[in-house]
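Take a look at the letters that make up each chain.
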Amino acid sequence: MQLEAVYHRPKLNWAYAYDEKTIHLRLRTKKNDVSEVFAWTGDKYAWDDTKELIPMERACSDVMFDYWECEVQPPFRRLKYGFLLKNGDEAWWMTETDFLQERPKVPDRLFDFPFINPVDIFKAPEWVKDAVFYQIFPERFANGDSSLDPEGVLPWGGKPERDNFFGGDLQGVIDHLDHLTELGVTGIYFTPVFEATTNHKYDTQDYMKIDPHFGDKDTLKKLVDLCHERGIRVLLDAVFNHAGRTFAPFVDVRENGEQSKYKDWFHIREFPLNVKDGIPTYDTFAFEPMMPKLNTEHPEVKEYLLNVAEYWIKETGIDGWRLDVANEVDHYFWREFRQRVKAVNPDAYILGEIWHEASPWLQGDQFDAVMNYPFTDAVLDFVVRGTLDARQFTEAIGRQLSRYPRQASEAAFNLLDSHDTPRLLTLCEGSKSKMKLASLFQFTYPGTPCIYYGDEIGMDGEQDPDCRKCMVWEEENQDRMLFDFYRRLIEVRKSNPALRTGSLHFLQAEAGGTTLAYERRLGDESLLVLLNNDATIQTIQVAQPDGSWKDEFTGEVYEAKRGRLSVKLPAYGYAILVPVK
Ligand code: CA
């Protein structure tokens, strides 16, 4: 047994309270090096009466390691624990300080989870894990009020450029809510809607005002109310890392330099404000002079922005915030942000834009979730780019699941494209079969799936600005078959709780392989998902007790016989199988 590879530490993703009664313990071992692991647990003040050996399950694996997991419900909410690792005749007891061949006599040196304090538990809003989101870029979704159109507006459907306008607005979204209801989505994430000079509105001029080309506060309020009537939640984009060049306090600094009372609202290295060799004399988003970074440590800035966050929840009833460039803002700010936002709406969803591993923000005191781009990469690498085989794909997924407490995975925001990437269909080089396969995985995986507007009717688009085309509304130009696929996929996810919060077990994923089989299980409910990521017909065989399974898409029934289920799938085919009772 390679003890150097064995890892555990208290808290974080290794020992955390899942809910007010339950602690999850995890242990890492070298891959395929250990055959059995037990948690040795008890109450530190009543060890002899409570001590117990609990078997751990190999929950997931990545390239080098296996991750073992178990659930414990300590009666007094305290837990002392160690581990017992076995392989053949070899057995080791793991304490906080040692590996021992003999069972330790007293629990003194074991790990300690001192107490489950409810306030410390990571709790994302319950509704999030059941939600299906739809991302809207408001300037390009629908023009519902031409009286608000910006000067020089272009005819709907023209070529998107970095600086042109097509007149999309909030009334346009109101006019097309039937489209969203028919599709079945239950949440909208809007990119920014506050007053700004650009078409993407990430250069905020006034955080307290809806962009006049989009509508006003009343239009937003009406939109939110109508969404709520349809069971759709609304998320707005909070661009708090930086403001826009025309944001009044920044204008004041530009005009008054060091004399400005707002000079400390920003990070200014040198007056007067200038750009030298492409580098601004003040901190910005990237090196973009029109997006000056806000000093979120400054009490006035903090108060101003936190008030903005509260204001739009109170005034319009929105259901949460997506936080732009969230990783470049200080943690203290986000901790206060969470307190203030949850005080006005305990059910608000706080979603950070972080493109990489995000554990420091997902401990329960800051965000409920992040935009899960590592998930995006894994799926695209497997289905689209072909750089991962089936085994490597499950290792990439296992790696992600092992990094977070389970509640973070259940609330993760899983996207395959956005306004910041080429569209999924374009990434798939026009292959709708691959697009469907990638989406099928997305919708049968824990977390909240999000569809980027227009993907569902077959829109394509290269990297920004091309991915921000005007939505196609003429039915004859929409791919209605594709729309039906997404509608059905959402329906299947909604009617099978195991697809949302069930455990995930890969049943088949060979090195060099292109087929994948996995089980989602919740209580007595179990589903099988089969994917053929290959340009040829493949037969997938998995060990299953005898019984019948029905394909949720085709209705076809398959029989598991003599302990084996065999399903033939066309190129890039898939099946979501439910047991026939
Ligand atoms: Ca308009």
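Quick caveat, the model's predicted, so the values are computed rather than measured. (Residues numbered from 1 in each chain as written. Predicted model: local features only at pLDDT ≥ 70, side-chain atom pairs only at ≥ 80, totals over all residues. Heavy atoms only, no water.)

Break down the coordination of the calcium ion for me, with residues and values.
Six octahedral donors around a metal ideally subtend angles of 90 or 180 degrees, whereas four tetrahedral donors ideally subtend 109.5 degrees. The coordination sphere of the calcium ion, as far as protein atoms go, consists of Asn143 (OD1), Asp145 (O), Asp149 (OD), Gly167 (O) and Asp169 (OD), spread over 2.3 to 2.7 Å. When the donors of the calcium ion are listed by position in the chain, the intervening gaps give N-x1-D-x3-D-x17-G-x1-D. Here the residue Asp149 occupies a position in the loop between β11 (133-136) and α2 (170-175), and Gly167 occupies one in the loop between β11 and α2, the gap between them amounting to 18 residues. With a relative accessible area of 21%, Asp149 lands in the partly exposed category. (Donors = N, O, S within 2.8 Å, 3.2 Å for Na, K, Ca; no water. Helix = DSSP H or I, 4+ residues; strand = E, 2+ residues; numbered from the N terminus. Buried < 20%, exposed > 50% of the residue type's maximum accessible area, 1.4 Å probe, protein only.)

Which residues make up helix α7 (residues 331-344), and what values do they have?
Given a rise of 1.5 Å per residue, 14 residues ought to cover 20 Å, and the 20 Å separating the end C-alpha atoms of α7 matches this to within 8%. Taken together, the buried positions of α7 are Phe333, Trp334, Phe337, Arg338, Val341 and Lys342. Down the axis of α7, the buried set is contained in an arc of 150 degrees. They therefore lie on one face. Turned more than 90 degrees away from the buried face of α7 sit Tyr332, Gln339 and Ala343, all of them exposed. (Expected span 1.5 Å × (residues − 1). Arc of directions from axis to C-beta.)

Pulling in residues and values, what's your account of the environment of Thr284?
Within the element layout of this structure, Thr284 appears in strand β18 (residues 284-285). Taking the C-alpha atoms as reference, Thr284 lies 9.7 Å from Gly244; in sequence the two are 40 residues apart. The residues contacting Thr284, other than those within four sequence positions of it, are Pro289, Met291, Pro292 and Lys293. Among the polar contacts listed, one links the side chain of Thr284 to the backbone oxygen of Ala286, at a separation of 2.8 Å. (Contact = heavy atoms within 4.5 Å. Polar contact = N/O pair within 3.5 Å; in protein donor to acceptor, adjacent residues only side chain to side chain.)

Now, about unusual backbone geometry: what can you tell me, with residues and values included?
Of note, the amide linkage connecting Phe271 to Pro272 takes the cis form, showing an omega dihedral of -10 degrees. Within the element layout of this structure, Pro272 appears in the loop between α5 (248-256) and β16 (275-276). Following Asp464, the chain continues into Pro465 via a peptide bond in cis, with omega recorded as 10 degrees. Structurally, the position occupied by Pro465 is in the loop between β24 (448-452) and α13 (480-495). Within the chain, Val325 stands out as a residue other than glycine whose phi angle is a positive 45 degrees. A residue is classified by how much of its surface remains accessible, and Val325, at 5% relative accessible area, is buried. Look at Glu429: it is not a glycine, yet its phi comes out positive at around 50 degrees. Note that Glu429 resides in the loop between α11 (424-427) and α12 (432-443).

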